[in-house]
Amino acid sequence: MNFPMIRLTPLGKIIYQHLGQIVIMLLLYAIVMLLSATQSLPVVTIVHQLPSTILSIWANRILNLILLTGFITGSLMMSIDQILDVRWVIRLYRAWTALIIVSLMLSGFDINPMLDIATAIVLFGYLALNLFNRQPTPFLNVWIIGIMLVISSLLAQWIVTDSWQIIVYLFQIQIAYMVTGISIMFWLITRWSNVRLEWARDGVMIVGGCVSVAGFFITIAPLHHSPFISMLSVLIVPICYMILAGHSYRALKDRNQNQSLSPHWIAIAVLLWLAGAGFLGTLSTHFGFQQWLQGTRLADSQYGLMMWGALGIVLSLINYTATELRGENRRVTGYMPLWLIAFGVGFGTIILGCAGVVEIYLSKFLLMDNVTVDALLIPLTMVWIICLLMVALGFMIYALGFWVRRPIIHIDS
């Protein structure tokens, strides 16, 4: 097989290596995700011999590492022309690579607080790198705010009591990850859309603020029982996400000649966010509904939609960055993984949400025990696992396409 040769700076090589890390972790996540899902089936397999939470913890760790690696790569791309001394970036890259390896090996053990603290420390190094940027753009400024919030959430989850754990988790996915993802999303928009740069710079500030406000109301929902705050939330949260949808639509309808699939992944990410926060998030702000939602499959579907949306931003970044670094205006991955992942996530989330509604009815109204409820939900669980299998297949084809088109990198001195 003849691989193309590309010439990159040392920083460009590091960025491309980060892309490779993400793709490798996608394959591992596909395997662990499926194994974790099969634990919900009544059929006894070798997977059931493992502790009930070890696979879900491992899968969650891998997914978070994928997202954080994508966020780091986004910041390097946004400041690629501003970083003159790459030695600090090389040290951070080595530290992050070591962290990934250690995290993947030890996530099943009871040292998660240490791993999160180590993650926060390395992220702080990348934060410091960008804080001293000579000419920070609004996109990078919003990224800095988002990573500050991510670091805060990583540290706070091991300080607060058990009752506040869900609040910190909601804060992380509804605000910290959202703000960081929005910064990368609007930077990508300037690369493949004809919108004015000034509009995108204003848009990242406006939309970043909107999702923060919406995320705040969704995050505090489990804490209050005020009808007034619930009514205010039901009005504000959808409006904030309508503003996000409006900005993304304006960019998507006026694309330039860039041939990467980055816009397609952005569109999928926005749709997932609209469903996860704009719809389910709005419902969760109602104090009565919040009591039914917690701990159910419907809550899992809401959290999943937000994480899948953030993953869509990372996949969009991979598609554009690989195209940019290769210097070829062509697709790096094809449409098949895009549709497999999009439909797998979409239908899978719908099935999981339906199972959550049935679960709420059976457990809250008919007062059935959890074992009976799980047994009755087996048909929906089977369909959900099939959808996850589609997603896993999409990840594998995505990784294969990225690997087949991988270049031989020549470093410019």
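Shown above is the structure to which this text applies.
*Asks:* Residue-level account of the overall build of the protein chain, with values.
*Replies:* Assigned secondary structure in the protein chain consists of 14 helices and two strands. For 413 residues, the compact-globule estimate of 2.2 N^0.38 gives 22 Å, and the protein chain sits close to it at 21 Å. With respect to the three principal axes, the spread of C-alpha positions in the protein chain is 70 × 50 × 40 Å. Going through the 413 residues of the protein chain one by one, you find that 54% of them count as buried. A fraction of 83% describes how many contacts in the protein chain between residues 6 or more apart in sequence connect residues 24 or more apart. For the protein chain, the computed accessible surface area is about 18,300 Å², with 69% contributed by carbon and sulfur atoms.

*Asks:* Please give an account of the packing of helix α7 (residues 197–220) against helix α8 (residues 227–252) that cites residues and values.
*Replies:* Contact pair α7 / α8: the axes reach a minimum separation of 9 Å and the direction vectors enclose 150 degrees. Our classification of the angle between α7 and α8 gives roughly antiparallel. Where α7 crosses over α8, the handedness of that crossing is left-handed. Of α8, the residues touching α7 (which contributes Trp199, Gly203, Ile206, Val207, Cys210, Val211, Val213, Ala214, Phe217, Ile218 and Ile220) are Ile229, Leu232, Ser233, Ile236, Val237, Cys240, Tyr241, Ile243, Leu244, His247 and Arg250. Class assignment of the residues belonging to the contact of α7 with α8 gives a composition of 18 nonpolar, three polar and one charged.

*Asks:* Help me get a handle on a nonpolar patch on the surface, residues and values and all.
*Replies:* A grouping of Leu27, Ile31, Leu35, Leu393 and Met396 is seen on the molecular surface, where their side chains present a nonpolar patch of about 400 Å² in accessible area. Taken together, the elements giving at least two residues each to the nonpolar patch come down to α1 (10–38) and α14 (378–404). Sort the elements by how many residues they give to the nonpolar patch and α1 lands first, with three residues. Among the structural elements, Ile31 can be located in helix α1. Ile31 sits in the partly exposed class, given a relative accessible area of 46%.

*Asks:* Which residues make up the packing of aromatic side chains, and what are the values?
*Replies:* Across all of its chains, the model carries 13 aromatic pairs by this definition. Consider the rings of Trp265 and Tyr398, whose centres lie 5.9 Å apart with planes at 80 degrees: the pair is edge-to-face. One end of the pair, Trp265, is in helix α9 (residues 262–284); the other, Tyr398, is in helix α14, with 133 residues separating them in the sequence. Put simply, the rings of Tyr29, Trp308 and Phe395 touch in pairs and so form one group of aromatic residues.

*Asks:* Which residues make up the pattern of salt bridges, and what values go with them?
*Replies:* For the structure shown, the criterion picks out four salt bridges. Of the charged contacts in the structure, one is a salt bridge between Arg196 and Glu198, with a shortest N-O distance of 3.9 Å. Relative accessible area serves as the criterion here: at 46%, Glu198 is assigned to the partly exposed category. One salt bridge connects Arg297 with Glu359, and the closest N-O pair in it is separated by 3.2 Å. Taken as a pair, Arg297 in helix α11 (residues 297–326) and Glu359 in helix α12 (residues 335–365) lie far apart in primary sequence, 62 residues in all. Note on Arg297: relative accessible area 16%, which makes it buried. Take Glu359: its relative accessible area is 12%, and that puts it in the buried class.

*Asks:* Residue-level account of unusual backbone geometry, with values.
*Replies:* Despite not being glycine, Leu367 has its phi angle at roughly 55 degrees, a positive value. According to the relative accessible area criterion, Leu367 is exposed, its value standing at 65%.

*Asks:* Tell me about the side chain of Thr219, residues and numbers included.
*Replies:* Note on placement: Thr219 falls in helix α7. With a relative accessible area of 5%, Thr219 lands in the buried category. Not counting the four nearest positions on each side in its chain, Thr219 is found in contact with Ile167, Leu170, Phe171, Gln174 and Ile175.

*Asks:* Let's hear about the nonpolar core: which residues, and what values?
*Replies:* Membership of the largest hydrophobic core comes to 127 residues, with the highest contact counts inside it found for Trp96, Ile182, Met185 and Tyr241. Ranked by the residues each element gives to this core, the list is headed by α11, at 17 residues. Apart from the residues lying within four places of it in its own chain, the contact partners of Met185 are Leu244, Ser248, Ile266, Val270, Trp273 and Ile313.

*Asks:* I'd like a rundown of α12, residues and numbers included.
*Replies:* Between the first and last C-alpha of α12 there are 44 Å, a value that for 31 residues agrees with the 45 Å anticipated at 1.5 Å per step. Leu367, located one to two residues past α12, shows a positive phi value of around 55 degrees.

So, how was this worked out
Residues numbered from 1 in each chain as written. Predicted model: local features only at pLDDT ≥ 70, side-chain atom pairs only at ≥ 80, totals over all residues. Heavy atoms only, no water. Helix = DSSP H or I, 4+ residues; strand = E, 2+ residues; numbered from the N terminus. Rg over C-alpha atoms; globule rule 2.2 N^0.38 Å. Buried < 20%, exposed > 50% of the residue type's maximum accessible area, 1.4 Å probe, protein only. Contact = heavy atoms within 4.5 Å. Areas by Shrake-Rupley, 256 points an atom, 1.4 Å probe, with all protein chains shown as cover. Axes fitted to C-alpha atoms, helices over the stretch in contact; angles between N-to-C directions. Parallel < 35°, antiparallel > 145°, perpendicular 65-115°, else oblique. Left-handed = near helix turned anticlockwise from the far one by under 90°. Nonpolar A, V, L, I, M, F, W, Y, C, P; charged D, E, K, R; others polar. Patch = residues over 30% accessible without salt bridge, like charges linked within 9 Å, V, L, I, M, F, W, Y side chains within 5 Å. Salt bridge = Lys/Arg side-chain N within 4 Å of Asp/Glu carboxyl O. Phe/Tyr/Trp six-rings, centres within 6.5 Å; stacked < 30°, edge-to-face > 60°. Core = buried A, V, L, I, M, F, W, Y, C linked by side-chain atoms within 4.5 Å. Expected span 1.5 Å × (residues − 1).

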